[in-house]
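Structural description and commentary
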Amino acid sequence: ANRLRKNARHLARWARREDIEAYRLYDRDIPEFPYAIDRYGQWLHVQLFEGKRPVTDDDITAHLMAMSTALEVAPAHIALKVRRRQRGSSQYEKLEDDGPSFTVHERGHRFEVNLKRYLDSGLFLDHRDTRRMVAAETHGKRFLNLFAYTGSFTVYAACAGAASTVTVDMSHTYQDWTARNLVLNGIDDFARHRLVADDVMAWLGAATYRSERFEVVMLDPPSFSNSKRMQDSFDVQRDQAPLLAATLRLLAPGGVLYFSNNRQGFKLDAEAARLAHFEDITARTVPEDFKRRPPHRCWRVTRD
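Summarised in this report is the structure supplied together with it. Everything quoted here is computed from the prediction, not taken from an experiment.

Here we look at the pairing of strand E1 (residues 22-27)
With six of six residues buried, E1 is to be regarded as a mostly interior element. Note that E1 and strand E2 (residues 35-40) share five bridges and pair antiparallel. Within E2, the residue paired with Arg24 across the bridge is Asp38.

What follows is the structure, encoded as structure tokens:
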């Protein structure tokens, strides 16, 4: 409780300066309390990371009460998840049908989140600086967002004046969510801002055949997927070279590709590295509240 109060005092001031409502408060700072705790306005998103040290139901109850008291959040506004190794489409599975959706503010943008219905909240907080970085390059340009989840990069690009956007994700659920996020931000021209529910690798092949080109591309694939809608399983470490090669075929001359993933221990392999110039910008894309445990790696990719 003391650690939470200390973190909250520091980060609340920082969040006001950054103009954000959703941020990480605590990330397994103390080994006996293996939680990641994120504040979303008046809600807490609490993730318990299972490890060798057992955490009993009584422990969890006591911990949640301590969080509620220390952070002055009603127990009904605390969403608890247990983090296990995810496989396939499990991130798309519903947890609670009646979990309420609400809106959070981030640097002049609005996003719908739901802390109880799915494993993830609808907004990846660790990429807020990456979103701003990508948006700064999109004015008047064609933007492509691959493995787009709920379209937060597309929202930033559209609001920054992108000439057009294409958002590709296999999930119809998340494409509908992206549409709502765009409308929340005053974007309703879906001829100019296309949403495509398709397997990314299949779509990349078809887009290459159509000679589509984009000046700015965001590529943020999952670590692993074996969804029934895909022809084959996907592993970002194993499949990085063909994925990057297919994506780079769509990059317009002078364009830039941002490549990121959350795979622990990920290494850019030699075959992929030969495709283009990769600049590791992870240190610039991990925000203050995630510095303790950076969850992603990120590269800015260009070609001569």
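So, the pairing of strand E13 (residues 251-261)
For E13, a buried count of nine out of eleven residues is recorded, marking the element as mostly surrounded by other parts of the structure. The sheet contact formed by E13 and strand E15 (residues 297-302) spans five bridges and is antiparallel. If you follow Asn261 over to E15, its bridge partner there is Arg297.

Section: unusual backbone geometry
In this structure, Asp19 takes a positive phi of about 60° despite not being glycine. Its identity as a non-glycine residue notwithstanding, Tyr149 has a phi of 55°, on the positive side. For Tyr149, the position within the fold is in the loop between strand E7 (142-146) and helix H4 (152-159). Relative accessible area serves as the criterion here: at 10%, Tyr149 is assigned to the buried category.

Observations regarding a positive patch on the surface
The grouping of Arg5, Lys6, Arg9, Arg13, Arg16 and Arg17 at the surface amounts to a positive patch. Looking at the element boundaries, Lys6 is found in helix H1 (residues 2-18). Classification of Lys6 as exposed rests on a relative accessible area of 54%.

A word on the sheet that holds strand E9 (residues 193-197)
Pairing in this open sheet of seven strands is mixed, and the strands run E9-E8-E7-E10-E13-E15-E14 from one edge to the other. Every interior strand has two partners, whereas the edge strands, E9 and strand E14 (277-280), have only one. Across this sheet, the average inter-strand angle for adjacent strands is 15°, counted without regard to direction. For strand E8 (residues 164-169) and E9, the ladder comprises five bridges, and the chain directions are parallel. Bridging across to E9, Val168 finds its partner in Val196. In the packing of helix H5 (residues 172-184) onto the sheet, contacts are made with E8 and E9, and the angle to E9 comes to roughly 165°.

Regarding helix H6 (residues 200-209)
Each turn of an α-helix holds 3.6 residues, which means side chains three or four residues apart point in the same direction. Of all the positions in H6, only Val200, Trp203, Leu204 and Ala207 are classed as buried. One face of H6 carries all of its buried residues, which in axial projection span an arc of 105°. Packed against the buried residues of H6 are E7, E8, E9, strand E10 (214-219) and helix H7 (236-248). Just past H6, the residue Ser211 takes up positive phi, approximately 60°.

Some thoughts on the sheet that holds strand E3 (residues 43-49)
On the basis of which strands lie adjacent, the open sheet formed by four strands has the order E1-E2-E3-E4 and mixed pairing. A strand with exactly one partner marks an edge of an open sheet, and here the two such strands are E1 and strand E4 (78-83). Across the sheet, the mean angle from the axis of one strand to that of its neighbour is 20°, orientation sign disregarded. In this fold H1 packs onto E1 and E2, with an angle of close to 155° to the strand it touches most, E1.

What about the packing of aromatic side chains?
All chains considered together, the criterion is met by 13 aromatic pairs. Aromatic pair Tyr118 and Tyr174: ring centres 6.0 Å apart, planes at 65°, arrangement edge-to-face. Within this pair, whereas Tyr118 is found in the loop between strand E6 (109-114) and helix H3 (128-135), its partner Tyr174 is found in helix H5, the two being separated by 56 residues in sequence. Per residue, the accessibility class of Tyr118 equals that of Tyr174, and both read buried. On the numbers, 4.8 Å between centres and 75° between planes, the contact of Tyr149 with Tyr174 is edge-to-face. Remark: Tyr174 occurs in helix H5 and Tyr149 occurs in the loop between E7 and H4; sequence separation between them is 25 residues. With respect to class, Tyr149 is no different from Tyr174; both count as buried. Aromatic ring contacts, followed pair by pair, group Tyr118, Phe124, Tyr149, Tyr174 and Trp177 into a single cluster. Against the face of Phe111 rests Arg131, its NZ or CZ located 6.0 Å from the ring centre.

Parameters at a glance
- Residues numbered from 1 in each chain as written.
- Predicted model: local features only at pLDDT ≥ 70, side-chain atom pairs only at ≥ 80, totals over all residues.
- Heavy atoms only, no water.
- Buried < 20%, exposed > 50% of the residue type's maximum accessible area, 1.4 Å probe, protein only.
- Helix = DSSP H or I, 4+ residues; strand = E, 2+ residues; numbered from the N terminus.
- Pairing = 2+ DSSP bridges.
- Patch = residues over 30% accessible without salt bridge, like charges linked within 9 Å, V, L, I, M, F, W, Y side chains within 5 Å.
- Areas by Shrake-Rupley, 256 points an atom, 1.4 Å probe, with all protein chains shown as cover.
- Salt bridge = Lys/Arg side-chain N within 4 Å of Asp/Glu carboxyl O.
- Lys, Arg positive; Asp, Glu negative; His and termini not counted.
- Charge placed at Lys NZ, Arg CZ, Asp CG, Glu CD.
- Axes fitted to C-alpha atoms, helices over the stretch in contact; angles between N-to-C directions.
- Contact = heavy atoms within 4.5 Å.
- Arc of directions from axis to C-beta.
- Phe/Tyr/Trp six-rings, centres within 6.5 Å; stacked < 30°, edge-to-face > 60°.
- Lys NZ or Arg CZ within 6 Å of the ring centre and 35° of its normal.

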